[in-house]
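Letter by letter, the chains look like this.
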Amino acid sequence: MTDTPFIRIGIDIGGTFTDLQILNEKDGTLASLKTPTTPEDPAIGLVTGLRQAADRYGFELGDIRLLMHGTTIATNAVLERKLAKGVLLTTAGFEDVLEIGRHARRDIYNIRQRREAPLVRRDRRFGVPERMRGDGTAELALDPAALEPLAARIEAAGAEAVAVSLLNSYLNDSHERRIGDWLASRFPDLPVSLSVDISPEIREFERTSTTVLNALLLPVVGGYLDRLAARLSEAGIAARVLLVQSNGGVCSPDVARRQPARLLLSGPSGGALATQSMAEALSRPNLLGVDMGGTSYDICVVSNGAITQMTQGEIDQLPVRLPMIEIRTIGSGGGSIAVIDDSGRLRVGPQSAGSRPGPVCYGRGGTEPTVTDANLFMGRLDARYFLGGAMKLDLDGCRAAVDVRVAQPLGLSADAAAEGMLTVVNASLAAAARLSLFEKGLDPRDFTLVSFGGAGGLHAISVAEELGVNEVVFPADASTFSAYGILHSNIVHDVARSRILPLNVENLPVIGQMLDDLLAQGAALLAADVVPPEARVLTVSADLRYRGQASELVVPWGDAAATEAALARLASDFHSGHEQRFSYSNPVAPLELVALRVTATGLLSGGTERAADVRPPAGVEASETRPMLAGGVWMDVPVYRRDRISGEIRGPALVEEEYTTILLSPGWNCVPGPMGTLIARRTGKGEAA
């Protein structure tokens, strides 16, 4: 790299490894690095990765100008229920909204269904004497004197955070604001989340759930950001830090501190953005992005060149009413553990060995065989060349674990047990990918699979065959592809305002005022981030429905304006979208506006990229062969170094690079493609029609 580099780094902290993409903005060199995650404090592994990158690629830590950070800190806190002790303040009589929820049965044939307990217990949910009507006027005004008795109850509950979600506050926020001010004066050190700040939209249960999640994450994410800032300072790193949000954009640490619920899908969104960038670069508008890391398998769909954004998602059956990229995640990764359940059935995942102790072959004390152990057992991984030779794998240990923990209990040979583990996990991967397409009415045969993540290359072809997909793309630096997407993120703020109105000319003044307010709010947020006016992009969408419907469609409003012509085009686009989604539309039926949304994007400048000029570590030569188990038979297969492939190769074959390995099955060939990709195509008689 140059003598005076300007370094931008994208970091994706996963359950097993922390991935880095390093861009020198002065000369455009792009490089990658992978280091084990430190679950006791992810900031330790992050700084370790930065030090290793600086040593390897020849820059100083002080040269880092921008650090863009995807994290699972919020996600893991929710999944593991390692959250703050919270109190909920809500309108008197609505204390049980979290418990009532939505009466939807997830498993309609299970007569013994059990629901998770609410995040805030009943004895910590306090009613406030106040009431807003559905038109935003006060039926029962808030009496400040009524708040004082709540102070003792909040103290007695040992509250570490407070969520405030009042009935219809999205129409009139005055009561919530006054309660927020009272809490700030009465408990100045107590984290508080107001629903009008985090999710000012209709639907009491979803809004309250989101507000509670946000409140309980405030101390968790705030503590992590404090530790991160301290460790960066100790290392002499003064870079600007931006956190990745669920919507695919980044935000400042100040925003993340106030609204940590926006980080719940932080890491996976980077992979979705990178997949979308591939659609244009490869002239393939329909892509199925699959990210297989050490802990999870994340699936995103790019259809007609665009990823799907949702206005509401879910984490561990908890609704989150915030904009986010649509991603399906299952607990299947390289570290997923194989177990024999009580019925004698082999299951793989969702439990993961993580990075510590990790798979048995890591030699760190793990005893349960994992997907990575099965791949090593079957010869798909080279024990000498894992992580480019930085980690030597214990082949004997993994063989013993597969034999003792899986083969013997099932009465199988060790070979059959290892193959069975991979058959089970591949079936789970394909089923999740198929569902992601089928629920949108999409045909897998119309899609190209894009495989990334450290473990993805060994499973991609098998998943494609299960789906009937005939083409698989392996990006350059596939193991750190999500970090690549993070590296190219922009600052994004989402603001919304709910108000149910007939979509007609008579309501244009109200709609126009809502639009002006939201555009001003979005511009102000970008100004606070010091985004220059020429780098600001404001886009508008509307939640619309036919009158009487209970759900809405989000319709982009490209020419948003308070004019009759613009309103007519919005209505026409809704009818077209409804027809495409549900095969039905009724252009003469009256429409309702449910919400207006503005996405405020601050474009971050970047440099032209080229591969870093770094000599690859010593490893396997292209002419080498290695024994590999397939179909119950051990065979010698050729092993190629990815950086030495200049023409077509045919399966069966293994392609190795520093941080991942690709398995090319019989009946498939592979050629170099644009942007350093490898493109595999099915050529055998089993090609899907």
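Residues numbered from 1 in each chain as written. Predicted model: local features only at pLDDT ≥ 70, side-chain atom pairs only at ≥ 80, totals over all residues. Heavy atoms only, no water.

For the rest of this paragraph, the subject is the overall build of the chain. In terms of regular secondary structure, the chain is built from 16 helices and 36 strands. Over its C-alpha atoms the chain spans a radius of gyration of 26 Å, differing by no more than 12% from the 26 Å that the globule rule assigns to 689 residues. Taken along its principal axes, the extent of the C-alpha atoms in the chain is 80 × 65 × 60 Å. The buried share among the 689 residues of the chain stands at 54%. Relative to all contacts within the chain whose residues are 6 or more apart in sequence, the contacts with residues 24 or more apart total 67%. By element, 51% of the accessible surface of the chain is carried by carbon and sulfur atoms, the whole surface being about 28,300 Å². (Helix = DSSP H or I, 4+ residues; strand = E, 2+ residues; numbered from the N terminus. Rg over C-alpha atoms; globule rule 2.2 N^0.38 Å. Buried < 20%, exposed > 50% of the residue type's maximum accessible area, 1.4 Å probe, protein only. Contact = heavy atoms within 4.5 Å. Areas by Shrake-Rupley, 256 points an atom, 1.4 Å probe, with all protein chains shown as cover.)

Among the secondary structure elements, asparagine 214 is positioned in helix H7 (residues 204-234). Of the polar contacts made by the side chain of asparagine 214, one reaches the backbone nitrogen of alanine 261; its length is 3.0 Å. Non-local contacts of asparagine 214, meaning those with residues more than four positions away in its chain, are made with Ser193, Ile198, Arg258, Gln259, Pro260 and Ala261. (Polar contact = N/O pair within 3.5 Å; in protein donor to acceptor, adjacent residues only side chain to side chain.)

All right, on to the packing of helix H11 (residues 395-410) against helix H12 (residues 414-438) then. At a minimum axis separation of 9 Å, H11 and H12 run at an interaxial angle of 80°. Considering the angle they form, H11 stands roughly perpendicular to H12. On the side of H11, the interface is formed by Val402, Asp403, Val406 and Ala407, while H12 contributes Ala414, Ala417, Ala418 and Met421. Grouping the amino acids of the contact of H11 with H12 by side-chain chemistry returns 7 nonpolar, no polar and 1 charged. (Axes fitted to C-alpha atoms, helices over the stretch in contact; angles between N-to-C directions. Parallel < 35°, antiparallel > 145°, perpendicular 65-115°, else oblique. Nonpolar A, V, L, I, M, F, W, Y, C, P; charged D, E, K, R; others polar.)

Attention now moves to the packing of aromatic side chains. Following the criterion strictly, the structure yields 7 aromatic pairs and no others. One residue, arginine 186, lies across the ring of phenylalanine 187, its end atom 5.6 Å from the ring centre. (Phe/Tyr/Trp six-rings, centres within 6.5 Å; stacked < 30°, edge-to-face > 60°. Lys NZ or Arg CZ within 6 Å of the ring centre and 35° of its normal.)

Picture the strands of a sheet paired through backbone hydrogen bonds; they go either parallel or antiparallel. As summarised here, the arrangement of the 4 strands in space is E6-E5-E9-E10, forming an open sheet in which the pairing is parallel. Because the sheet does not close on itself, it has two edges, and the strands there are strand E6 (125-128) and strand E10 (192-194). Taken pair by pair, the neighbouring strands of this sheet meet at an average axis angle of 20°, ignoring direction. By the bridge criterion, 3 bridges tie strand E9 (residues 161-165) to E10 in an arrangement that is parallel. Its bridge partner being in E10, valine 164 is matched across the sheet by leucine 194. Sheet strands touched by helix H4 (residues 148-156): strand E5 (86-91), E6 and E9. Its angle to E6, the strand with the most contacts, is close to 175°. Helix-sheet contacts for H7 involve E5, E9 and E10, and the interaxial angle to E9 is about 160°. (Pairing = 2+ DSSP bridges.)

Moving on: the pattern of salt bridges. Working definition: two side chains of opposite charge can pair if their charged atoms are close together. Counted under the stated rule, the structure contains 42 salt bridges. Note that arginine 102 and glutamate 206 form a salt bridge whose closest N and O atoms lie 2.9 Å from each other. Separated by 104 residues along the polypeptide, arginine 102 in the loop between helix H3 (97-100) and E6 and glutamate 206 in helix H7 bring together distant segments of the chain. The partner of arginine 405 in a salt bridge is glutamate 368, and the shortest N-O contact between them spans 3.2 Å. A residue pair is termed long-range when its members are at least 10 positions apart, and arginine 405 in helix H11 and glutamate 368 in the loop between strand E22 (346-352) and helix H10 (371-377) qualify at 37 residues. Through salt bridges that share partners, Asp382, Arg384, Glu624, Arg626 and Glu656 make up one connected network. (Salt bridge = Lys/Arg side-chain N within 4 Å of Asp/Glu carboxyl O.)

Moving on to the packing of helix H1 (residues 42-57) against H7. Direction vectors running N to C along H1 and H7 enclose 30°, while the axes themselves pass 9 Å from each other. One way to sum up the angle between H1 and H7 is to call them roughly parallel. Remark: the crossing between H1 and H7 carries right-handed chirality. Contacts from Pro42, Ala43, Ile44, Leu46, Val47 and Leu50 in H1 reach Tyr224, Leu228, Arg231 and Leu232 in H7. Tallied by class, the residues present in the contact of H1 with H7 amount to 9 nonpolar, no polar and 1 charged. (Left-handed = near helix turned anticlockwise from the far one by under 90°.)

Turning our eyes to something else, we now look at H7. In an α-helix there are 3.6 residues to a turn, and that puts residues three or four apart on one side. Look at H7: 44 Å from first C-alpha to last across 31 residues, which is about the 45 Å you get at 1.5 Å a residue. The sharpest bend along H7 comes to roughly 40°, located at leucine 217, with the proline proline 219 sitting one to four residues further on. Counting buried positions along H7 gives 22 out of 31 residues, so the element sits mostly inside the fold. In the segment just after H7, glycine 236 is the residue with positive phi, at about 75°. (Expected span 1.5 Å × (residues − 1). Bend = angle between axes of the 7 residues up to and from the residue.)

Here we come to the nonpolar core. Ile9, Leu46 and Leu50 are the most contacted members of the largest nonpolar core, which totals 128 residues. In terms of residue count, the dominant contributor to this core is H7 (12 residues). If near-sequence neighbours (up to four positions away) are discounted, leucine 46 is found in contact with Ile11, Ile13, Leu67, His69, Tyr224, Leu228 and Leu232. Of all hydrophobic cores here, the second largest spans 25 residues; its members include Ile511, Leu515, Ala542 and Trp557. (Core = buried A, V, L, I, M, F, W, Y, C linked by side-chain atoms within 4.5 Å.)

It is worth spelling out the environment of glutamate 564 at this point. As for its placement among the helices and strands, glutamate 564 is situated in helix H16 (residues 564-582). Between the C-alpha atoms of glutamate 564 and leucine 508, which are 56 residues apart in sequence, the distance is 7.8 Å. Beyond its immediate chain neighbours, meaning those up to four positions away, glutamate 564 contacts Val505 and Leu508.

On average, residues of the chain score 89 in pLDDT, and 96% of them reach the 70 mark or higher. Segment residues 612-622 is flagged for pLDDT under 50; beyond a separation of four residues in sequence, or across chains, it makes 26 contacts in the model. (pLDDT = per-residue confidence, 0-100.)

Before going further, it helps to spend a moment on the sheet that holds strand E34 (residues 661-664). Strands sit in the order E30-E31-E33-E34 across an open sheet of 4 strands; the sheet is mixed. The open sheet has two edge strands, strand E30 (625-630) and E34, and neither has a second partner. Each strand axis lies, on average, 35° off the axis of its neighbour in the sheet, ignoring direction.

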